[in-house]
Every structure is written in C-alpha cells, then in structure tokens.
Amino acid sequence: MNYTASRALALGEALRRTLGRPVEFVLVAGATAVLLGVGALAALALWRAGPLDVPSAARPQALVLAGGAQGEIDLGALQAALRRVATVASSEFVGRDAALSQLAQRKNLSSLGLAELRPNPLPDAFVVGFTAGAAPEAIEAAVAELRKVKNVESVEYQPELYRRIWLLGQLGSRLGVLLAAALAAALVIGVALTATLWGRVDPEEIRLLDLLGAEPAIVRRPYVYAGAISLLLAAALGWLLVVAASSWLEPWVSAAALQFALPLAPALPLVWAGVAFCLGAALVGALVASAAARMAIRG
Amino acid sequence: MHLERVEKRYGEFRPALVGLDLSVARGELLLVQGAAASGKSVLLRLLAGLETPSGGVIRIAGENLAGMRPRARAHLRRSMGILPPGGCLLERKSVLENVALAPWVAGAALEEGMRRARAALDLVGLDVARYGTAPCAHLTSGQRQCVALARALVNRPALLLLDDVLSALDETSAARIIGVLDQFSAAGVTVIAALRSAAPSLPMAMWPARARALRLADGRSVA
C-alpha cells in the first residue's frame, strides 16, 4: 500500500487490486466481456444495416384504376390528386400499354389470352404506396378517400393482409425495444460492477487518507486506474468475441447482401474499431471508479 | 490560531459549539476538557478543516480555514498530526504500515516512511520488534491508541490535534505520552488535546504546569 504522488505506485496498487483475485476477475470480467461483445455486435449490425430501406413487401400499397377511355382524362392531374391524400407517400403510373407488355413477358400467359386483352384493353392504373409503418385504420381511411377522387374507377387494397403484417411489425419492434433496453441495462450494470469491483472503495481507508491530508486526486488515483484496467481488459476480451463472431458471420452476410442486392455499409476495420472500443471502455471505467471514490471521500 | 465567534450546528439539534472565541499561540499546550457531547471533538474537527463552521471564523497562520480550497486544506492537514477518536486504524494492515501511512501520504519514500514509523513507535513506547508486523486488529485498545498517537507524531507536525488522547492508556503509558507532548510543545509544536473531564484516574497534575485548560460545556466555553 502506498499513497505517494507516484503514478507508478498507484498503478501497481491498481494492478494488485485487479489481478489479485484471479477467479473473481475471470468470472466478472468474462460476463462483462460477453455483454460488451453482444452490445458491440448489435451496434455493428445496426451500422451495417444503416443504408437499408424498409422492404417494399412490408410497405402498404393499393392499385388505383383510372376510369374513362384513353386520352379522355388528365393523368397528371389525377396523379397529383392521389398524392394529396393523407399517408400517400408515392404513386407510380402503370399505363395500359406498359401493363400489356409486362403481361406479354410472362411465359405462362398464352398468346390467345393476350389477343383477347388487346380489343378489351387494361385500364390505366397507379400503384399508390403509403407511408411505411402507418396504422391500418389510417390507410383504410386513405383508401376510402382515394375512391372519392374524380376519375378513379376503383381501388384494390387488401386490408386484412396489411393488418396482419402491421401487427407482426408492431410486435417485432416492441420486442426489439424490450431486448435493447434489457441489453442496455445489463451493459450499464456490468460496466458499473466491473469498474467498481476492483476499484472497490474502502470508506474507512479513504476517510483516513483524507484525515492525513492526502490530496483527493491522489486518493482516487489507484481506484481510477483499477476501474480503467478492469474495463479495458473486459472490453479487449469482448472485442475478441466480436472479431470471432464477425469472422464467422461475414461470408454469410456478404453472400446474402449479394444475393438480395442489399446495400450494406462496408465492414469497419476491426483493429482500429477495437482500439477505439477498448480505450472508450477504459475511459468509462476510470470515470465510474472516480465517481465512486469521489462519493466515498465526500462521505 | 484564532477563533472568532465560532459556531457549529447540526440540523435542528442543539448547537455543538456556540460563540467560541479562542487564541492559541505557537508552542502552546492547550487541554480542552469537557464531558461527552460538550463540543471537544467538534472543535478539533473544525480546527483540522474536516468540517466547516456554521458561523464565525477560524484562522490558522492568518488563513481563513473556510475559504481554503480542498487541495490547500489537504496540504494544511499534512502539517498537522491528528488523533481521531478511536484511533481510526486500518485493521488488516500492520502496525508499521499504519504509522508509515502518514509519511507516505506526505510524499516520503517507502523506506523513509518505515524508518520514521519505527522511530515514532519507539517514542510512544510500543515494542516495534514485537508488534511492528502485527495487524492492528490483534492489538489491545491501549496499544491501538499508541499506534494512532505514533501516526499523529510521525511527521513532526506543526500542530497536534489529539482527541481523547489518554483514552485506554494506563498511568505509566499516559505519563510517557504526556512527557512526549510536553517535549513537542517545548520544541514549538502547538498541541491541542481533548480530555474527558470524567477521568479521575489520570489527574490534571500529570500535565506540565504551563498547559492551559479550556473547559467546554454544552458547546460553550466555561470558566
């Protein structure tokens, strides 16, 4: 034990506190490392998925069929009127010729069928997209409003299907929030536990040092070092888990991104990200231990 | 050291100290006497800068204690030798480590701290060869008091603030400690020692004649 102003001695004291109980250290630092690793993996996954948009399949859509013969209605004005309806986010015009050529590309449609369609042409249509995540009631109200727009013959929309998808989405997002909150709470507790366990403050010792005139910064120093070291080691261990998991998953993620044309953000350089992660964790450990020691000094 | 109208109150309870005026010169030996809860310990804590007065001013060497920054107060405390009630020892640490803690805090090297600790323990009459490496938890209350006293004396401070200084000491040990304090005082160290008035086994006659007494009752100075 030494409380001189020497940083080297304070570091020695901190190491003694940190590594003096190896079994306890392995258990607590290991648990914190897993928490940190899972948190870091989740953050990396979010970062890589950042450019991804809501898949079109999950977006509610309706097909608006225009009435009247070709050339009789102003399609531009109709499209503008559709866009003015609340919750409508996009509208894509599908002309009768375009629809016919799309049908022609389908191999299983016989030439006879196409021949029948030509004298009885398809109507002009708009594929209307609604705001992603909008409530089913709001979309059904918008659909009713779309039906009232001039020159709209009919609107095709499947309310039941979207209601189911929306419910599943709501359930998924709430579960995600719950999981994220649980992970965040576990992370905070793990970090605080690790930082304060080895920087464990002995109030008697701190009061005595205060009595003897030790400067507060010097009294805190071994605790701050111990907090920083313990979280640095836990973070390093956690980052090893991140590297291992990333190496295992990366080929599959890359293949999936290629197969589904997903615009994923490029993978982070793991070495530099790891250095930043460990230094950040050490800083947090030092701050937590310093706060604990400061509270003990104030008594 | 000057105290002007010093007061200390803790919440709504009766004040611990009321309107205390006091001047203590360098090298003076002041005995603060009073029954339990008369304000002796509070006075010593205020003088050590461990608490701030609710009213009035305490000046040490011309400096207002209340206006000092924590770092300056810590620096000031390193020039004091403080004996808190009960000794305040680290139970699992050895006798030598407990005493050497004070020089280490003051910046002494490891060996220098140990050397000074041995000398201070000799001064208070504790056998270093026998007890030096023993944990403080294994000592008797009288021996613990000697260790705490040695820690207060070890840095040769300019001011000694000793609470319940003769507590748990037998007459021989008490006489020895009084002799040491007299030597320190004669060498220019200001000594302020709190004593319980109900200690008939250790009469005031044991103290040197030049010692001045301050009697406290219910936080007030009484004649």
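All figures in this text were calculated on a predicted structure; none of them were measured in a lab. (Residues numbered from 1 in each chain as written. Chains lettered and ligands numbered in written order. Predicted model: local features only at pLDDT ≥ 70, side-chain atom pairs only at ≥ 80, totals over all residues. Heavy atoms only, no water.)

## Points about the overall build of chain B
(1) Moving on: Scanning chain B for helices and strands turns up seven helices and ten strands.
(2) Moving on: Split into buried and exposed, the 223 residues of chain B put 52% on the buried side.
(3) Moving on: Of the contacts made within chain B by residues no fewer than 6 positions apart, 70% connect residues no fewer than 24 positions apart.
(4) Moving on: When the accessible area of chain B is evaluated, it comes to approximately 10,200 Å², of which 51% is carbon and sulfur surface. (Helix = DSSP H or I, 4+ residues; strand = E, 2+ residues; numbered from the N terminus. Buried < 20%, exposed > 50% of the residue type's maximum accessible area, 1.4 Å probe, protein only. Contact = heavy atoms within 4.5 Å. Areas by Shrake-Rupley, 256 points an atom, 1.4 Å probe, with all protein chains shown as cover.)

## Some words on the overall build of chain A
(1) Moving on: Helix and strand counts for chain A come out as ten helices and four strands.
(2) Moving on: Counting helices and strands in the order they occur from the N terminus, chain A gives α-α-β-α-β-α-α-β-α-β-α-α-α-α.
(3) Moving on: Burial analysis of chain A (299 residues in total) assigns 35% to the buried set.
(4) Moving on: Within chain A, contacts between residues at least 6 apart in sequence are counted, and of these 84% link residues at least 24 apart.
(5) Moving on: Accessible area of chain A: about 16,900 Å², with a carbon and sulfur share of 67%.

## Observations concerning the interface of chain A and chain B
(1) Moving on: The interface is formed by 14 residues belonging to chain A together with 17 residues belonging to chain B.
(2) Moving on: Across the interface of chain A and chain B, roughly 1,800 Å² is buried in total on both sides, 67% from carbon and sulfur atoms.
(3) Moving on: For A:E215, the salt bridge identified is with B:R71, shortest N-O distance 3.1 Å.
(4) Moving on: Connecting chain A to chain B are four residue pairs in polar contact (both at pLDDT 80 or more). (Buried area = accessible area lost by both parts, 1.4 Å probe. Salt bridge = Lys/Arg side-chain N within 4 Å of Asp/Glu carboxyl O. Polar contact = N/O pair within 3.5 Å; in protein donor to acceptor, adjacent residues only side chain to side chain.)

## Quick look at the confidence of the model for chain A
(1) Moving on: Mean pLDDT over chain A works out to 81, with 84% of the residues at or above the 70 mark.
(2) Moving on: Within chain A, helix α5 (residues 111–117) of chain A has the poorest average pLDDT of any element, 61, and helix α6 (residues 136–148) of chain A the best, 91. (pLDDT = per-residue confidence, 0-100.)

## Section: the sheet that holds strand β10 (residues 220–222) of chain B
Within a sheet, adjacent strands bond to each other through the backbone by hydrogen bonds, running parallel or antiparallel.
Residue and element names in this part refer to chain B.
(1) Moving on: Reading across the sheet, the six strands line up as β6-β7-β8-β3-β9-β10 and stay open at both edges, with mixed pairing between neighbours. Taken across any chain shown, the strands that pair with only one partner, and hence form the sheet edges, are β6 (80–83) and β10. On average, each strand axis in the sheet is tilted by 25° relative to the strand beside it, whichever way the strands run.
(2) Moving on: The pairing of β6 with strand β7 (residues 159–162) spans four bridges and is classified as parallel. In the strand pairing of β7, I82 is matched with L161. (Pairing = 2+ DSSP bridges. Axes fitted to C-alpha atoms, helices over the stretch in contact; angles between N-to-C directions.)

## Thoughts on the packing of helix α9 (residues 216–259) of chain A against helix α10 (residues 270–298) of chain A
All names here are of chain A.
(1) Moving on: Interhelical geometry of α9 versus α10 gives an angle of 150° and a closest axis separation of 6 Å. Classified by the interaxial angle, the pair formed by α9 and α10 is roughly antiparallel. As α9 packs across α10, the resulting crossing turns out to be right-handed.
(2) Moving on: Residue composition of the contact of α9 with α10, grouped by class: 22 nonpolar, five polar and two charged. (Parallel < 35°, antiparallel > 145°, perpendicular 65-115°, else oblique. Left-handed = near helix turned anticlockwise from the far one by under 90°. Nonpolar A, V, L, I, M, F, W, Y, C, P; charged D, E, K, R; others polar.)

## With respect to helix α2 (residues 70–78) of chain B
Residues spaced three or four apart along an α-helix point in a common direction, a consequence of the helix completing one turn every 3.6 residues.
(1) Moving on: Residues of α2(B) that are buried: B:R73, B:A74, B:L76 and B:R77. Seen from one end, α2(B) has its buried residues packed into an arc of 160°, which puts them on one side. What points out from α2(B), more than 90 degrees from its buried face, is the exposed set B:R71 and B:H75.
(2) Moving on: The secondary structure elements touched by the buried residues of α2(B) are α8 (203–211) of chain A together with β4 (55–60) and β6 of chain B. (Arc of directions from axis to C-beta.)

## Looking at the sheet that holds β4(B)
Residue and element names in this part refer to chain B.
(1) Moving on: In spatial order, the strands read β2-β1-β4-β5; together these four strands make up an open sheet with antiparallel pairing. Both edges of this open sheet fall to β2 (17–23) and β5 (63–64), since each of them pairs with a single strand only.
(2) Moving on: Of the pairings in the sheet, the one linking strand β1 (residues 2–8) to β2 comprises four bridges and is antiparallel in character. Directly across from K8, in β2, lies its bridge partner L17.
(3) Moving on: On top of the sheet, helix α1 (residues 40–47) reaches β1, β2 and β4; it is set at about 120° to β1, its chief contact.

## With respect to the packing of helix α3 (residues 95–105) of chain B against helix α4 (residues 110–124) of chain B
Helices that pack against each other are described as a pair by the angle of their axes relative to one another and the distance between those axes.
Residue and element names in this part refer to chain B.
(1) Moving on: Packing of α3 against α4 brings their axes to within 8 Å, and their N-to-C directions diverge by 115°. For the pair α3 and α4, the crossing hand works out as right-handed. When α3 is examined against α4, the residues V95, L96, E97, V99, A100, P103 and W104 are found in contact with a partner set consisting of L110, G113, M114, R116, A117, R118, A120 and L121.
(2) Moving on: In terms of residue class, the contact of α3 with α4 is made up of eleven nonpolar, one polar and three charged.

## Describing the packing of aromatic side chains
All names here are of chain A.
(1) Moving on: Tallying each qualifying case throughout the model produces three aromatic pairs over all chains.
(2) Moving on: On the numbers, 5.2 Å between centres and 50° between planes, the contact of F93 with F126 is tilted. Of this pair, F93 sits in strand β2 (residues 88–94) while F126 sits in strand β3 (residues 125–130), placing them 33 residues apart in sequence.
(3) Moving on: Assessed through its relative accessible area of 36%, F93 is described here as partly exposed.
(4) Moving on: With a centroid separation of 6.2 Å and an interplanar angle of 70°, the aromatic rings of F130 and Y157 are classed as edge-to-face. Of this pair, F130 sits in strand β3 while Y157 sits in the loop between β4 (152–156) and α7 (159–198), placing them 27 residues apart in sequence. For the residue pair F130 and Y157, the accessibility class agrees, reading buried in each case. (Phe/Tyr/Trp six-rings, centres within 6.5 Å; stacked < 30°, edge-to-face > 60°.)

## Description of the pairing of strand β1 (residues 61–66) of chain A
(1) Moving on: The pairing of β1(A) with β3(A) spans five bridges and is antiparallel. Note that in β3(A) the partner of A:V64 across the bridge is A:F126.

## So, the pairing of strand β8 (residues 190–196) of chain B
Residues and elements named next belong to chain B.
(1) Moving on: Counting buried residues in β8 gives six out of seven residues, a clear majority hidden from the surface.
(2) Moving on: Looking at chain direction, strand β3 (residues 29–34) and β8 are connected through six bridges and run parallel. Its bridge partner lying in β8, L31 is registered against A193.
(3) Moving on: Note: β7 against β8, four bridges, orientation parallel. Residue pairing for β8: L160 is matched across the bridge by V191.
(4) Moving on: For the crossover from β7 across helix α7 (residues 171–186) to β8, the handedness is right-handed. (Right-handed = clockwise from strand over helix to strand, strands pointing away.)

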